[in-house]
Amino acid sequence: MWIPDSIYKRLPALYAVAGAALLPAFGLNGPSVVSAAMLVAAGALTALWRYKHRSAAEAEATPTPKDEWAQRRERRLEEARLRGY
């Protein structure tokens with residue numbers, strides 16, 4: 001299933017708005033309150049999961065000082081090999 005990016009980015013907010021719109025549309029009866037709560041919870045969970053996923057991806061993308069030193073060492077060794085040392 002493919003969703004356009006413009007809709008995908010707004011999906012958590014759309015869930016919450018749909019949940020909030022259920023209450024005035026159907027009143028405060030059991031099924032509408034449960035449905036509204038589930039939609040709001042879905043929006044909150046979707047936003048939370050996206051935040052955690054993006055934070056984890058950013059943390060993995062940031063090299064540690066040890067990784068930076070290893071990359072520099074590899075570059076120095078490669079340059080030395082190219083010079084014939």
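Quick summary incoming for the structure in this document. Quick caveat: nothing in here was measured; it's all calculated off a predicted structure. (Residues numbered from 1 in each chain as written. Predicted model: local features only at pLDDT ≥ 70, side-chain atom pairs only at ≥ 80, totals over all residues. Heavy atoms only, no water.)

Digging into the overall build of the chain
In terms of regular secondary structure, the chain is built from 3 helices and 0 strands. If you list the helices and strands of the chain from N to C, you get α-α-α. Its C-alpha radius of gyration of 25 Å places the chain more than 25% over the 12 Å reference for a compact globule of 85 residues. By principal-axis analysis of the C-alpha atoms, the chain measures approximately 80 × 25 × 15 Å. Here the chain holds 85 residues, and 11% of them are scored as buried. (Helix = DSSP H or I, 4+ residues; strand = E, 2+ residues; numbered from the N terminus. Rg over C-alpha atoms; globule rule 2.2 N^0.38 Å. Buried < 20%, exposed > 50% of the residue type's maximum accessible area, 1.4 Å probe, protein only.)

Side note on a positive patch on the surface
Where like charges cluster on the molecular surface, the positive patch consists of Arg72, Arg73, Arg75 and Arg76. Given the relative accessible area of 48%, Arg76 is considered partly exposed. (Patch = residues over 30% accessible without salt bridge, like charges linked within 9 Å, V, L, I, M, F, W, Y side chains within 5 Å. Areas by Shrake-Rupley, 256 points an atom, 1.4 Å probe, with all protein chains shown as cover. Salt bridge = Lys/Arg side-chain N within 4 Å of Asp/Glu carboxyl O. Lys, Arg positive; Asp, Glu negative; His and termini not counted. Charge placed at Lys NZ, Arg CZ, Asp CG, Glu CD.)

Describing the side chain of Thr46
Within the secondary structure, Thr46 sits in helix H2 (residues 30-61). Take Thr46: its relative accessible area is 18%, and that puts it in the buried class. At 2.7 Å, the side chain of Thr46 and the backbone oxygen of Ala42 are in polar contact. (Polar contact = N/O pair within 3.5 Å; in protein donor to acceptor, adjacent residues only side chain to side chain.)

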